[in-house]
There are 2 protein chains.
Amino acid sequence: VPDLPVAVDAMGGDRAPAEIVAGARRAVEQHGIPVVLYGQRAAIGDAGGLEVVETTEVVGMGEDPAAAIRRKRDSSVVRAAEAVRDGQAAAMVSAGNTGAAVASALLRMGRISGVQRPGIATVLPVPGSIPTILLDSGANAECAPAWLAQFGQMGALYAASRFGVTDPRVGLVSIGEEETKGTTLVKEAHQLLARPGWLEAAGGRFIGNVEGRDALTDAVDVMVTDGFTGNVILKTLEGGVKVMVNAIVAAMGSTEQTREASQVLLPALLPLYEEMDPDTYGGAVLLGVDGVCIISHGQSSARAIVNAVRLAADMVRADLVGRLREVVGRAPVAPG
Amino acid sequence: VPDLPVAVDAMGGDRAPAEIVAGARRAVEQHGIPVVLYGQRAAIGDAGGLEVVETTEVVGMGEDPAAAIRRKRDSSVVRAAEAVRDGQAAAMVSAGNTGAAVASALLRMGRISGVQRPGIATVLPVPGSIPTILLDSGANAECAPAWLAQFGQMGALYAASRFGVTDPRVGLVSIGEEETKGTTLVKEAHQLLARPGWLEAAGGRFIGNVEGRDALTDAVDVMVTDGFTGNVILKTLEGGVKVMVNAIVAAMGSTEQTREASQVLLPALLPLYEEMDPDTYGGAVLLGVDGVCIISHGQSSARAIVNAVRLAADMVRADLVGRLREVVGRAPVAPG
């Protein structure tokens, strides 16, 4: 457990502040992690004894992030990032506007020296196995090859810190295994990632190109891609899994017989359902900023927030930022 | 039923020639569609009375398409494309090397006048509804905005020809609904697709940006994207659905009780399983070449080939190529 509290953006997310506050309270009560809420006291109501830092402004889910951050200096998300910068909090957690969380962290905490661009590292569930890390999941719609090379290093360090993966396998998302496949960006990033020692410096290794079909399997530990492709993969999986689950649930409820049979099956399906639930993993990490920043999805429930706060505390304890500073900050910056 | 036969590449696909020949025979026997096989008589064996045009060469699944097409002028896939060009066949079907099928069709049939680049239009199943068309699914890893604008027109015409969709909704794949979201390519393509009359000329309309999560839903009829992103979406869905199905099947088989309950449920799940089976839709269409070219996936079974041949015959009957010539050939070529 870190000494400093985790700063939680109480106003961010579709279900804020109620679910956010409920999750923060459970993180304190059940896991003993100190938490400070950032938000409007009047909206938060009963904080259950948690410290609340009053902030007057809120960044809406649909607002333009750059403009909002520039204008709303007293917003909960900006103030949470400042708390990390100022040594008042060990980490920040936000389930609000993703772009605003990225911009707040980037502008207030700054980048780790040597990091060209931070990337959002998302966790993709793999039934029965260790999840796959996907980055960038949307911080940078357009990327240079060198950024992807750094995402590889950062992802390898994160896989080790988060899941204890030794020698994590890093793959580059493309549309064929051959290194000649894909866009110019992919071909150039492939060359940079394949340089001897590059990923080894981060404790990982390059396994070449991987494809979308590898995402939910244990064929790869870290999938590196640009933020446009990464976000498309993430949303395609979310949507695809949801459609499948809904169609299966509909089939299960179609007759008296199937409803009865489903009662027998549900306990066997529950672990899978829980594994695929985005709330299980609590959030993504913004890798490359000079502090721990956890970004939870917009529909986060209290359960998601508990897990996000736990993740924040884990990453502080593992000194993820320190390890990124050592490895990525030191590695020769790739060209491009 | 077209007068001219459908030229089937008997040597293309992981399960060629046996499954390809079996599918071609069923297309003739069950649907009365004339078929000619292109391939090596010795490998094909008993063609069940189907005409076989002897071709001496085979393009392997892993071969570099451009080089293979240049060298192997007597390969089954090249000869099938030539048959369409020469008026000996109404359409071609190949389950072989996708790049080789694209290159053969492009080089032998040529492009429809005015079409900047052909795109692969894939069908994504939507449980309980009309499938979504996705293009480009992989013919062009890197695209110009104007190509995407044409994909929109071609996709709208295809949605009408294939599924009878009136006024098809065309969406542009991005990472947010706002037109300011996404890459430079996406933002520029958005402007071109949104021009008044552009998609209306093809009987469709532009509904703005869509996201990966819309793929398996009925929120959109045609999803337009570059071939890199499209291929990533396709493979992510294929992989995701497969992982989910395998995990569910494993849970169903975990105990005696769940196995019994599954027996009751399977009939209710079968329609969904069949809807999600890639063999159900038989193949993708290469839109923009001057002839009907159906590209089936590499693992095509006889059932997939039957459906691919039927699709070929349907598209000939609907005069899809004629409609593309009229609309896309005539529309003012977009800049970029």
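Before reading on, note that the structure itself is shown above.
Residues numbered from 1 in each chain as written. Chains lettered and ligands numbered in written order. Predicted model: local features only at pLDDT ≥ 70, side-chain atom pairs only at ≥ 80, totals over all residues. Heavy atoms only, no water.

## Observations regarding the overall build of chain A
- Within chain A, the secondary structure is distributed over 11 helices and 11 strands.
- Over its C-alpha atoms, taken along the principal directions, chain A stretches across nearly 60 × 55 × 35 Å.
- In chain A, buried positions account for 61% of the 336 residues.
- Long-range contacts, defined as pairs at least 24 residues apart, comprise 70% of the intrachain contacts of chain A with a sequence gap of at least 6.
- Per element, the accessible surface of chain A, about 12,500 Å² overall, is 50% carbon and sulfur.
- Between the centroid of the 29 positive side chains of chain A and the centroid of its 38 negative side chains there is a distance of 4 Å. (Helix = DSSP H or I, 4+ residues; strand = E, 2+ residues; numbered from the N terminus. Buried < 20%, exposed > 50% of the residue type's maximum accessible area, 1.4 Å probe, protein only. Contact = heavy atoms within 4.5 Å. Areas by Shrake-Rupley, 256 points an atom, 1.4 Å probe, with all protein chains shown as cover. Lys, Arg positive; Asp, Glu negative; His and termini not counted. Charge placed at Lys NZ, Arg CZ, Asp CG, Glu CD.)

## A look at the nonpolar core
- Among the nonpolar cores identified, the biggest contains 186 residues, and L37 and Y158 of chain A together with L37 and Y158 of chain B are the most heavily contacted of them.
- Y158 of chain A has contacts with A121, V123, I133, F163, V285, L287, L311, M315 and L320 of chain A, leaving out every residue within four places of it along the chain. (Core = buried A, V, L, I, M, F, W, Y, C linked by side-chain atoms within 4.5 Å.)

## Some remarks on the environment of V264 of chain B
- Within the secondary structure layout, V264 of chain B lies in helix 9 (residues 256-276).
- On the basis of relative accessibility, which here comes to 36%, the residue V264 of chain B falls in the partly exposed class.
- When sequence neighbours within four positions are dropped, the list of residues in contact with V264 of chain B reads Q257, T258 and A261 of chain A.

## Some words on the pattern of salt bridges
- Applying the stated criterion across every chain yields a total of 36 salt bridges over all chains.
- A salt bridge links E256 of chain A to R259 of chain A; its shortest N-O distance comes to 3.3 Å. Of this pair, E256 of chain A and R259 of chain A both sit in helix 9 (residues 256-276), separated by 3 residues, roughly a single helical turn.
- The partner of D277 of chain B in a salt bridge is R303 of chain B, with the nearest N and O atoms 3.0 Å apart. Here D277 of chain B is found in the loop between helix 9 and strand 10 (284-287), whereas its partner R303 of chain B is found in helix 10 (residues 302-317), with 26 residues between them in sequence.
- Owing to a relative accessible area of 28%, R303 of chain B belongs among the partly exposed residues under this scheme.
- Because the salt bridges share partners, they merge into one network encompassing E211 and R213 of chain A together with K235 and E238 of chain B. (Salt bridge = Lys/Arg side-chain N within 4 Å of Asp/Glu carboxyl O.)

## A closer look at unusual backbone geometry
- Of note, the amide linkage connecting L135 of chain A to D136 of chain A takes the cis form, showing an omega dihedral of 5°.
- Inspection of the secondary structure puts D136 of chain A in the loop between strand 6 (132-135) and helix 6 (145-163).
- A positive phi angle, near 60°, is found at D167 of chain B, a position not held by glycine.
- The exposure class of D167 of chain B is partly exposed, given its relative accessible area of 39%.

## Things to note about helix 7 (residues 184-193) of chain B
- Turning to helix 7 of chain B, its buried residues number three or more, namely L185, V186, A189, H190, L192 and L193 of chain B. Taken end-on, helix 7 of chain B shows its buried residues confined to a sector of 165°, consistent with a single buried face. (Arc of directions from axis to C-beta.)

## A few points about the sheet that holds strand 3 (residues 51-54) of chain A
Residues and elements named next belong to chain A.
- Strand order across the open sheet formed by 11 strands is 3-2-1-4-11-10-5-6-9-7-8, with mixed pairing between neighbours. At either margin of the open sheet sits one strand with a lone partner, and together these are strand 3 and strand 8 (205-210). The sheet shows a mean angle of 25° between the axes of neighbouring strands, direction not considered.
- With 2 bridges connecting them, strand 10 (residues 284-287) and strand 11 (residues 292-295) associate as antiparallel partners. From the neighbouring strand, V285 faces strand 11, where its bridge partner is I294.
- Docked against the sheet, helix 4 (residues 76-85) engages strand 1 (6-9), strand 2 (35-39), strand 3 and strand 4 (91-94), running at close to 165° with respect to strand 4. (Pairing = 2+ DSSP bridges. Axes fitted to C-alpha atoms, helices over the stretch in contact; angles between N-to-C directions.)

## Side note on the relation of the copies chain A and chain B
- The two copies are related by a screw motion: chain A maps onto chain B through a turn of 180° and a shift of 0.0 Å along the axis, at an RMSD of 0.0 Å. Put plainly, the chains are arranged around a two-fold axis. Across chain A, the rotation axis passes nearest the C-alpha of A261 of chain A, at a separation of 2.2 Å.
- When the interface residues of chain A are mapped onto chain B, 100% of them again lie at the interface, so the same face is used by both copies. (Least-squares fit on C-alpha atoms with pLDDT ≥ 70 in both.)

## Looking at the packing of helix 8 (residues 227-252) of chain A against helix 9 of chain B
- Following both chains from N to C, one finds helix 8 of chain A and helix 9 of chain B inclined at 150°, their axes separated by 8 Å at the closest point. With respect to helix 9 of chain B, the axis of helix 8 of chain A lies roughly antiparallel. Where helix 8 of chain A crosses over helix 9 of chain B, the handedness of that crossing is right-handed. Residue-level contacts link M244, A247, I248, A251 and M252 of chain A of helix 8 of chain A to L265, A268, L269, L272 and M276 of chain B of helix 9 of chain B. (Parallel < 35°, antiparallel > 145°, perpendicular 65-115°, else oblique. Left-handed = near helix turned anticlockwise from the far one by under 90°.)

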